[in-house]
Amino acid sequence: MSYELSHLRELEAESIHIMREVAAEFENPALMFSGGKDSIVMLRLAEKAFHPAKIPFPMLHIDTGHNFPEVINFRDRRSEELGIKLIVASVQDAVDSGIATDETGPRASRNRQQIPTLLDAIETHKFDALFGGARRDEEKARAKERVYSFRDDFGQWDPKAQRPELWSLYNGRIKMGEHIRVFPISNWTELDIWQYIAHDDVAIPEIYFSHQRTVFERDGMLLAKSEWVDLMDGEEYFEETVRYRTVGDMTITGAVESDADTVEKIIAEVAATRKTERGATRADDRSSEAAMEDRKKEGYF
């Protein structure tokens, strides 16, 4: 067995162990699913962890309403193929009910509005553990996360109040109203994800491969044309050959120029880059040095 494959199998075994621990220890877990590559790999890991039985917890998607259609179609198809319950918590419903308030202006997005939407879904469905697809190499705030990330009864995260994790021993004790965010792929890198996708032939949305798309440039990023974003002075649409390294709200997720139209080409591209995927393509992480950490303290993913 090659080093690369043995390395991936070690990561896989660790993640499967974590998922089985959560299923055994918690009453009502759920897997947060965005339709992105990391949550897709998590879904595959869950499939393996509990085979031949069905995955024993639902998928939870926080839907901004500003999604890439390719991703939503993929989400629906996979949940149907696996026979897993899909719970969609809508930001629009949260806005309509007064739980969240839409931003206005040319740079408005629904990124922060996902926080009250998620916390309301946790309370409504009484989730006590949520699997998330965060990796430690993504962003410095996510590097502070434990595998079991404790959240208080307000759904908030305090990086100074997390529990030690020695020898892969995880403390999942919580009081009523508290919950744990669980990150089974914490120790994976972006390159690991793509190598796993290649070795296991994991299906992913076409948006990850090079394609022609109508875009415009803003703040050094290529944003897709959509009904939710208006051009500002000096901006104009043009056609470009791009792909996406990460997926999210169309209003804040940038594409990268690329001719990588196969997984093998993407692996070579990722191996050569020196920019993190979020730092290069997510406007929500550029607003301040501590943007992600501030959102996570409020209850973000």
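Just so it is clear, the structure is predicted and the values come from calculations on it, not from any experiment.

Q: Would you mind showing me how to read the overall build of the protein chain here?
A: Within the protein chain, the regular secondary structure consists of 9 helices and 10 strands. Rg of the C-alpha trace for the protein chain: 19 Å, near the compact-globule value of 19 Å for 301 residues, within the 12% margin. For the protein chain, the spread of C-alpha atoms along the principal axes amounts to about 55 × 55 × 35 Å. Put simply, the protein chain has 301 residues, and 54% of those count as buried. Partitioning the intrachain contacts of the protein chain with sequence separation of at least 6 by distance along the chain shows that 72% fall at a separation of at least 24. For the protein chain, the exposed area adds up to about 14,100 Å²; of that, 49% sits on carbon and sulfur atoms.

Q: Is there a simple way to think about the domain arrangement of the protein chain in this case?
A: A common way to express how large an interface is: the accessible area buried when the components associate. Looking at the protein chain, the domain boundaries give domain 1 (7-192 + 290-298) and domain 2 (201-285). A C-alpha centroid distance of 23 Å is found between domain 1 and domain 2. In this assembly, 30 residues from domain 1 lie in contact with 32 residues from domain 2. Of the roughly 2,700 Å² buried at the junction of domain 1 and domain 2 (both faces included), carbon and sulfur atoms supply 58%.

Q: Help me understand the pattern of salt bridges in this model?
A: A side chain with one charge may pair with a side chain of the opposite charge, provided their charged atoms come close. According to the stated counting rule, one finds 20 salt bridges in the structure shown. We note a salt bridge from R107 to D219, for which the minimum N-O separation is 2.4 Å. Here R107, found in the loop between α4 (91-96) and α5 (114-125), pairs with D219, found in the loop between β7 (211-218) and β8 (221-224); they are 112 residues apart in sequence, far enough to count as distant. A salt bridge links E190 to R245; the nearest nitrogen and oxygen atoms lie 2.7 Å apart. In this pair, E190 is assigned in helix α6 (residues 190-200) and R245 in the loop between β9 (238-243) and β10 (256-257), connecting sequence segments 55 residues apart. In this structure, E190 and R245 share a single accessibility class: buried.

Q: How do you make sense of the sheet that holds strand β5 (residues 148-151) when you look at a structure like this?
A: A sheet is described by the order of its strands in space; here 6 strands give the open sequence β3-β2-β1-β4-β6-β5, paired in mixed fashion. Edge positions in the open sheet fall to β3 (86-90) and β5, since each of these has one partner strand only. Each strand axis lies, on average, 30° off the axis of its neighbour in the sheet, ignoring direction. Pairing of strand β1 (residues 29-32) with strand β2 (residues 59-63), which is carried by 2 bridges, proceeds in the parallel orientation. When the sheet's bridge partners are listed, L31 is paired in β2 with M59.

Q: Can you walk me through the packing of aromatic side chains in this structure?
A: In this description, an aromatic ring pair is defined by two values, namely the gap between the centres and the angle between the planes. A full pass over the atoms with the stated rule returns 8 aromatic pairs. Chaining the aromatic ring pairs together yields one cluster made of F26, Y148 and Y170. Over the ring of Y237 we find K225, and its NZ or CZ is 5.0 Å from the ring centre.

Q: Would you mind going over the pairing of β8 with me for this structure?
A: The side chains of a regular strand alternate, residue by residue, between the two faces of the sheet. Covered by surrounding structure in β8 are M221 and L223 together with L222 and A224, the residues of both alternating faces. Note: β7 against β8, 4 bridges, orientation antiparallel. The partner of F216 across the bridge, within β8, is L223. Here β7 folds back onto β8, and the loop between the two strands holds 2 residues, one of which, D219, carries a positive phi near 55°.

About the criteria used
- Residues numbered from 1 in each chain as written.
- Predicted model: local features only at pLDDT ≥ 70, side-chain atom pairs only at ≥ 80, totals over all residues.
- Heavy atoms only, no water.
- Helix = DSSP H or I, 4+ residues; strand = E, 2+ residues; numbered from the N terminus.
- Rg over C-alpha atoms; globule rule 2.2 N^0.38 Å.
- Buried < 20%, exposed > 50% of the residue type's maximum accessible area, 1.4 Å probe, protein only.
- Contact = heavy atoms within 4.5 Å.
- Areas by Shrake-Rupley, 256 points an atom, 1.4 Å probe, with all protein chains shown as cover.
- Domains from an automatic or database assignment.
- Buried area = accessible area lost by both parts, 1.4 Å probe.
- Salt bridge = Lys/Arg side-chain N within 4 Å of Asp/Glu carboxyl O.
- Pairing = 2+ DSSP bridges.
- Axes fitted to C-alpha atoms, helices over the stretch in contact; angles between N-to-C directions.
- Phe/Tyr/Trp six-rings, centres within 6.5 Å; stacked < 30°, edge-to-face > 60°.
- Lys NZ or Arg CZ within 6 Å of the ring centre and 35° of its normal.

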